[in-house]
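Close look at the chain arrangement
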Amino acid sequence: MGGGGGVSGLLTTELRGDVVSLRGLRARGRHGVLDAERQLGQVFTADVDLQVDTRTAAVTDDLADAVDYSVVAADVVAVLAGEPVALVEVLASRVASACLVHPGVLAVAVAVHKPQAPVQVPFDDVVITVVRRRGDLLDAAPASPFDAVVALGANLGDREAVMAAAVRDLAATGGLQVVGVSGVVETTAVGLPGAAPQPDYLNAVVRLRCALSPRDLLRACRAVEAAHGRDAAVRAGEPRWGARTLDVDVLTCGALVAADDDGGGGGSPALQVPHPRAGVRAFVLVPWAGLAPDDVLPGAGRVADVLAALAAADPAAVSDVRPRPDVALSAGGSA
Ligand SMILES: Nc1ncnc2c1ncn2[C@@H]1O[C@H](COP(=O)(O)OP(=O)(O)OP(=O)(O)O)[C@@H](O)[C@H]1O
Ligand SMILES: Nc1nc2c(c(=O)[nH]1)N=C(CO)CN2
């Protein structure tokens, strides 16, 4: 069985250059398709190869110039022990994301072992190995379309017309199919402390079948914003959380958990999924839970449960969200 043994070669020949390997990282987790797996949990083990460039550290002898493998190891174990997922593939992908968060990690190979998997014949182990390079998770077109959820917000101009047009624009974008649109809500602008008051927002969420990479989905959202008066120049002059004709944020890309803060280089927009503030925003969660209460916000849980937790912690924020049934949105046009 792999995992517990010593370092025994690389997981793949796809990594180039210097490699730091971790073997046999393990934790109990509740991942699996079966209810029993969710309830009882079992041991998961990860082997990880990190492609790095050690040349600077080799000269300076300074940990600050190296990838600290003890930190990576703790991050990997946190994923193994963390939020349950159904598939080992998702678990391995999340382990890869956790490794790629470290700036010095250029690429990673991850083998996740599930030696106690529910297999009905004698066996030693189940191992799923994935290889990811910096940017892969956010920039690779999916092999098949995935479910994505985006949030709409507008608090300047003809808000109703802009919201309706935004849904139509998303539906008209190649690679996107609108499969659900929430009710519209009106909400007090959440601004930075001390900022000048702003007009109220209209907010809604839209579910999409997405055949684009996550980054191209973000670009598509930006294009829809730009079509409604919020282009790059306008954005550049905005204060953070300032008033805007239209905001289109990516909330989730299926179960993907991934982030970069530099757009992967080359001038691409930075992207983090799930959206880091989705789980604390009543103006997102109320319409989302109305549309799809069983959707999962990765890292936080079922959307209806996340909303219930927010309602308990901050009832005023949730009761501020006012339904606007008179503003109906649909992919085909506004009602
Ligand atoms: N999931 C995401 N959806 C939209 N933008 C994102 C996401 N993750 C990172 N970004 C980046 O966030 C930056 C700010 O985007 P934007 O101006 O829309 O923020 P905001 O809507 O004012 O604030 P917030 O991000 O809190 O909603 C952009 O540079 C964008 O590339
Ligand atoms: N009520 C409300 N407040 C906000 C909103 C929003 O969509 N609705 N969006 C923000 C930045 O994205 C900041 N504040």
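What you are looking at is a predicted structure, and each value in this text was computed from that prediction instead of being measured.

1. Concerning the site of ligand 2
- Every residue lining ligand 2 is accounted for by Thr187, Thr188, Ala189, Val190, Tyr201, Asn203, Trp241, Arg244, Asp247, Asp249, Arg281 and Phe283.
- One nitrogen or oxygen atom from the side chain of Asn203 is found 2.7 Å from an oxygen atom belonging to ligand 2.
- Within the side chain of Arg244, an N or O atom sits 3.5 Å from an oxygen atom of ligand 2.
- For ligand 2, whose free accessible area comes to 340 Å², the fraction covered by protein is 96%.
- Counting only elements with at least two residues in the shell around ligand 2, the list comes to strand 8 (201-210) and strand 9 (247-253).
- Looking at the shell around ligand 2 residue by residue, the classes come out as five nonpolar, three polar and four charged.

2. Re the pairing of strand 8
- Burial of strand 8 is extensive: nine of the ten residues sit out of reach of the surface.
- Direction of pairing for strand 6 (residues 176-181) relative to strand 8: antiparallel, over a ladder of five bridges. Its bridge partner lying in strand 8, Gln177 is registered against Arg209.
- Pairing of strand 7 (residues 185-187) with strand 8 involves three bridges; the strand directions are antiparallel. Residue pairing across strands places Thr187 opposite Tyr201, the latter belonging to strand 8.

3. With respect to the site of ligand 1
- Every one of the 16 residues lining ligand 1 counts as a neighbour, but Val250, Ala270, Gln272, Arg277 and Arg281 are closest to it.
- One nitrogen or oxygen atom from the side chain of Arg235 is found 2.9 Å from an oxygen atom belonging to ligand 1.
- Asp249 has a polar side-chain atom sitting 2.9 Å from an oxygen atom of ligand 1.
- Coverage of ligand 1 by the protein chains reaches 81% of its 610 Å² of free accessible surface.
- Contributions of two or more residues to the shell around ligand 1 are made by helix 7 (214-227), strand 9 and strand 11 (271-273).
- Among the elements that line the shell around ligand 1, the one with the most residues is strand 9, at three residues.
- In the shell around ligand 1, the residues fall into six nonpolar, two polar and eight charged.

4. Observations concerning a nonpolar patch on the surface
- A surface patch of nonpolar side chains, amounting to about 280 Å² of accessible area, comprises Val33, Leu34 and Leu87.
- Along the chain, the position of Val33 falls in the loop between strand 1 (18-29) and helix 1 (35-40).
- The class of Val33 is exposed, set by a relative accessible area of 60%.

5. Some words on the UniProt feature "domain: 7,8-dihydro-6-hydroxymethylpterin-pyrophosphokinase" (unreviewed entry) in the chain
- Listed under "domain: 7,8-dihydro-6-hydroxymethylpterin-pyrophosphokinase" (unreviewed entry) in the UniProt record, and renumbered for this structure, are residues 240-251.
- With 0% helix and 42% strand, residues 240-251 has its two end C-alpha atoms placed 18 Å apart.

6. A closer look at helix 10 (residues 303-313)
- Taken as a whole, helix 10 has its buried residues at Val303, Val306, Leu307 and Leu310. Mapping the buried residues of helix 10 onto a view down its axis gives an arc of 100°, with all of them on the same face.
- As for helix 10, its buried residues are in contact with helix 9 (282-291), strand 12 (296-297), strand 13 (301-302) and helix 11 (315-319).

Basis of the calculations
Residues numbered from 1 in each chain as written. Chains lettered and ligands numbered in written order. Predicted model: local features only at pLDDT ≥ 70, side-chain atom pairs only at ≥ 80, totals over all residues. Heavy atoms only, no water. Near = heavy atom within 4 Å. Polar contact = N/O pair within 3.5 Å; in protein donor to acceptor, adjacent residues only side chain to side chain. Areas by Shrake-Rupley, 256 points an atom, 1.4 Å probe, with all protein chains shown as cover. Helix = DSSP H or I, 4+ residues; strand = E, 2+ residues; numbered from the N terminus. Nonpolar A, V, L, I, M, F, W, Y, C, P; charged D, E, K, R; others polar. Buried < 20%, exposed > 50% of the residue type's maximum accessible area, 1.4 Å probe, protein only. Pairing = 2+ DSSP bridges. Patch = residues over 30% accessible without salt bridge, like charges linked within 9 Å, V, L, I, M, F, W, Y side chains within 5 Å. Salt bridge = Lys/Arg side-chain N within 4 Å of Asp/Glu carboxyl O. UniProt positions renumbered as here; feature names shortened; annotations may be inferred. Arc of directions from axis to C-beta. Contact = heavy atoms within 4.5 Å.

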